[in-house]
Amino acid sequence: MTAIHLHNTLTNRLEPLDPIRKGEVHMYTCGPTVYDFAHIGNFRTFVFQDVLRRFLQSRKYRVLQVMNLTDVDDRIIQKAAAAKISIREYTEKYVQAFLEDMDALHLEAPEELVRATDHIEDMVALIERLQKKGLTYNSEGSIYYSIAKFPHYGRLSKIDLAGMKTGVRVDVDQYEKENARDFALWKAPKPGEHFWETRIGPGRPGWHIECSAMAMKYLGDTLDIHTGGVDLAFPHHENEIAQSEAATGHPFVRLWLHAEHLIIDGEKMSKSLGNFYTLRDLFTKGHKPSTIRFLLLSVPYRRQLNFTSDSLKQAESSVARLRNFVSRLKAEQFPAGSSADIRKRAEKAETDFDAGLAGDLNTALALAAVFDLVRDINTAMDRGEFLQQDAPRVIAAMEKVDGILAVLAEDDDEKLAKLGFAPDKPRISPEQVEALIEERNAAKKRRDFKRSDDIRQQLADSGIIVEDTKDGSVRWKYK
Ligand code: AMP
Ligand code: ZN
């Protein structure tokens, strides 16, 4: 079997996977910030992580994966405060939605799915360790990490530290990424916002400390693998390294893996740009969970994934091709007997699929091995060269690769029904929404406000949020 090699952002090289504990891989994954639904860009990264864990399991590794749910974050705190509800109440809906989305995409549950709000004590203890080592300073009730005191700062992201000024601070969770800054480990409470009363004072944790504390609690001081999207390398992961390594004196992570972005119209799909689709948006437009999973995994994780409606169509037909192939193998009657050639062909497909993934998870190569098999076997069947006893062997090969691809099960309708997209309950189509919005605009123009309000209500009842923008245009989206 080909040895597994993965690209390590820290060294910018392909490196062999060499777990600390024999046969076991400890892996940490930065999970979603649960202030809204995750978008399919986020799921690009989560699907990559799922393919990775499934591949490691196929190589008989026991995987211990921890994923956090970032449920303490500036946006969450502010939104919960504005709605006058607790953080838990605010985030619960999005946590549930995330779990449902994971299920729809056949993402295996990580062994530990942990919330920041359940680990405040671990974060406080870690901050205390950093305080004892003299790496922090206090300012106006907040505690900052002094990055100048961590000699390896910048090693992961190769950020230019030339312009770094000692003591220049940042305490917001989202900020411009060009400059290295001291960052908040602990933030002073703001009026009206939630805080914790702790040994290091009242306040709440910064985003970066959440991941260091939770990763080391469950996985030990040194992890085999840490994953995330490329946008997290700096400053988030750089800061995780600074916090963890300064506290323990040990390397924090052996292999840092970062997924390139899913882009749309040439730009990163993101909440802040507003150019995003949630899974549910795509389901509403009639796309299937298996299509989306296939599309997200089909482009190797270190290549940008350009999301287009054509790529969705292609993914749908690829899944159909695989499913039809397996159906044919199961349903058709072939001449009696078995053929060594076909057995070897199936074996080769399995080996090539595995070797593709062993080379930094090259899903494109791995898929090519599967589609080559489909083509060759279809040809053999058409020519009468495929025999009855060959069918179980080829089916077994397809099932084996599907242990990682997870697109063969004909369960799209079932997954959709679980999310309320049952075929007997169609949601209002985008065309119907547009037509109603046009009618509402016309009603407004003729000052028939009763009618325009009624239409707005009708849209709201159908799960559509309508926003009137400042420039007079109307935007809408599914709830
Ligand atoms: P967030 O909920 O923003 O913390 O992001 C969750 C995960 O999605 C992180 O690993 C991000 O790096 C990743 N991510 C965010 N946007 C994209 C994108 N457009 N393509 C791929 N991954 C993304
Ligand atoms: Zn993280």
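For clarity, every value in this text was computed on a predicted model and none was experimentally measured. (Residues numbered from 1 in each chain as written. Chains lettered and ligands numbered in written order. Predicted model: local features only at pLDDT ≥ 70, side-chain atom pairs only at ≥ 80, totals over all residues. Heavy atoms only, no water.)

Time to look at the coordination of the zinc ion (ligand 2). In an ideal octahedron of six donors the angles at the metal are 90 or 180 degrees, and in an ideal tetrahedron of four donors they are 109.5 degrees. For the zinc ion (ligand 2), the protein coordination sphere consists of C30 (SG), C211 (SG) and H236 (NE2), at 2.0 to 2.2 Å. In primary-sequence terms, the residues that donate to the zinc ion (ligand 2) follow C-x180-C-x24-H. With a gap of 206 residues between them, C30 in the loop between β3 (24-29) and α1 (40-58) and H236 in helix α6 (residues 233-248) connect regions that are remote in the sequence. Using a relative accessible area of 1% as the deciding quantity, one classes H236 as buried. (Donors = N, O, S within 2.8 Å, 3.2 Å for Na, K, Ca; no water. Helix = DSSP H or I, 4+ residues; strand = E, 2+ residues; numbered from the N terminus. Buried < 20%, exposed > 50% of the residue type's maximum accessible area, 1.4 Å probe, protein only.)

What follows is about the domain arrangement of the protein chain. Once the domains are mapped, the protein chain shows domain 1 (5-259), domain 2 (308-410) and domain 3 (430-478). Centre-to-centre, using C-alpha coordinates, domain 2 lies 48 Å away from domain 3. (Domains from an automatic or database assignment.)

Sheet topology places strand β6 (residues 136-139) next to strand β7 (residues 142-145); 4 bridges connect them, and they run antiparallel. Bridge pairing in β7 links Y137 to Y144. Connecting β6 to the next strand, β7, in antiparallel fashion are 2 residues, including E140 with a positive phi near 45°. (Pairing = 2+ DSSP bridges.)

With 4 bridges joining them, strand β1 (residues 5-8) and strand β2 (residues 13-16) adopt antiparallel strand pairing. Across the sheet, residue N8 finds its bridge partner in β2, namely R13. Between β1 and β2, which pair antiparallel in sequence order, lie 4 residues; one of them, N12, sits at a positive phi of approximately 60°.

Bringing the nonpolar core into the picture now. Y145, I225 and F386 are the most contacted members of the largest nonpolar core, which has 139 residues in total. Considering every element that reaches this core, the biggest residue donor is helix α11 (residues 363-382), with 10 residues. For this core, the two domains that each supply at least three residues are domain 1 (5-259) and domain 2 (308-410). Here Y145 is in contact with L130, L135, F150, D182, F183, L185, A242, Q243 and A246, once residues within four sequence places are set aside. Counting 9 residues, the second largest nonpolar core, distinct from the first, contains V433, I437, I455 and V466. (Core = buried A, V, L, I, M, F, W, Y, C linked by side-chain atoms within 4.5 Å. Contact = heavy atoms within 4.5 Å.)

This next bit is on helix α14 (residues 430-445). Here α14 is 16 residues long and its end C-alpha atoms lie 23 Å apart, about the 22 Å a rise of 1.5 Å per residue gives. Of the positions making up α14, those classed as buried are P430, V433, L436, I437, R440 and A443. Around the axis of α14, the buried residues are gathered within 140° of arc, so they sit on the same side. Looking at α14, the residues exposed on the side facing more than 90 degrees away from the buried face are E431, E438 and K445. As for α14, its buried residues are in contact with α15 (449-461), β17 (464-468) and β18 (474-478). One or two positions beyond α14, positive phi appears at R447, with a value near 60°. (Expected span 1.5 Å × (residues − 1). Arc of directions from axis to C-beta.)

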